[in-house]
Amino acid sequence: MIFSRAATTEPQARAMLRLARLSLLLLVTPFAFATEVELLRIWPGWRDAATWDSIPEYFGGPETHGSQIVLRTQQATRDGFYFLVRTAAPTARPAVRFELEIVRPDSPEPKRHTLSARLPAGETVFQIGLTGTDWPGGKRAQPVAWRIILRGPDNSVLAEHKSFLWEQPARK
């Protein structure tokens, strides 16, 4: 339908122009935020090595994790302190890094661990584990404070989440 000046009045033309602008804004807005990555939820906790056993392993197969991606600081050791991290990414990212900074009960200085991964599009669950000598406290120890930073290949911060105590000043 072609609108001519004679067929529309001035208020109608303004209303149509506003409607066109609003439609364009609604169409473009989702793409403006499409690069945002989120750390939706983080659950820290101890996991024994036996909790990782899968049925294929009983029959001589490899370790499997279903849809979860498991990253460990020491691959040979399964038991450790893990952070279950649920992410949401509108697009896949072939090379990201999880930087886990943690204040352990045995030291007031934060320790940094960096683990590389591929971030699929959509929601993904990562199990980020401090294993072996990277978590010397065993199952009874709890971190004092922690921070997880998800970085892109250019070292930019894609997302960050921290515990409440991470920002609290140390007592002197």
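First, a word on what this report is: a plain description of the structure on this page. (Residues numbered from 1 in each chain as written. Predicted model: local features only at pLDDT ≥ 70, side-chain atom pairs only at ≥ 80, totals over all residues. Heavy atoms only, no water.)

Overview of the packing of aromatic side chains
- Under the criterion given, the structure shown has 5 aromatic pairs.
- Note on Phe81 and Phe83: the rings are 5.5 Å apart at their centroids and 70° apart in plane angle, and the pair reads as edge-to-face. The same class applies to Phe81 and to Phe83, which are both buried.
- These aromatic residues form a ring-pair network of at least three members: Phe81, Phe83, Trp135 and Trp146.
- Geometry around Trp52 places Arg47 over its ring, the cationic atom sitting 3.7 Å from the centre.
- One Lys or Arg, Arg72, reaches over the ring of Trp52 and ends 4.9 Å from the middle of that ring. (Phe/Tyr/Trp six-rings, centres within 6.5 Å; stacked < 30°, edge-to-face > 60°. Buried < 20%, exposed > 50% of the residue type's maximum accessible area, 1.4 Å probe, protein only. Lys NZ or Arg CZ within 6 Å of the ring centre and 35° of its normal.)

Details of the environment of Trp135
- Locating Trp135 in the fold gives a position in the loop between strand S6 (122-131) and strand S7 (145-151).
- Trp135 sits in the buried class, given a relative accessible area of 4%.
- Separated by 54 residues in the primary sequence, Trp135 and Phe81 have C-alpha atoms spaced 6.7 Å apart.
- Residues contacting Trp135, with those up to four places away along its chain left out, are Trp46, Phe81, Ile102, Arg104, Pro105, Leu130, Ala141, Gln142 and Pro143. (Helix = DSSP H or I, 4+ residues; strand = E, 2+ residues; numbered from the N terminus. Contact = heavy atoms within 4.5 Å.)

Purely geometric stuff here, so don't read any function into it on its own.
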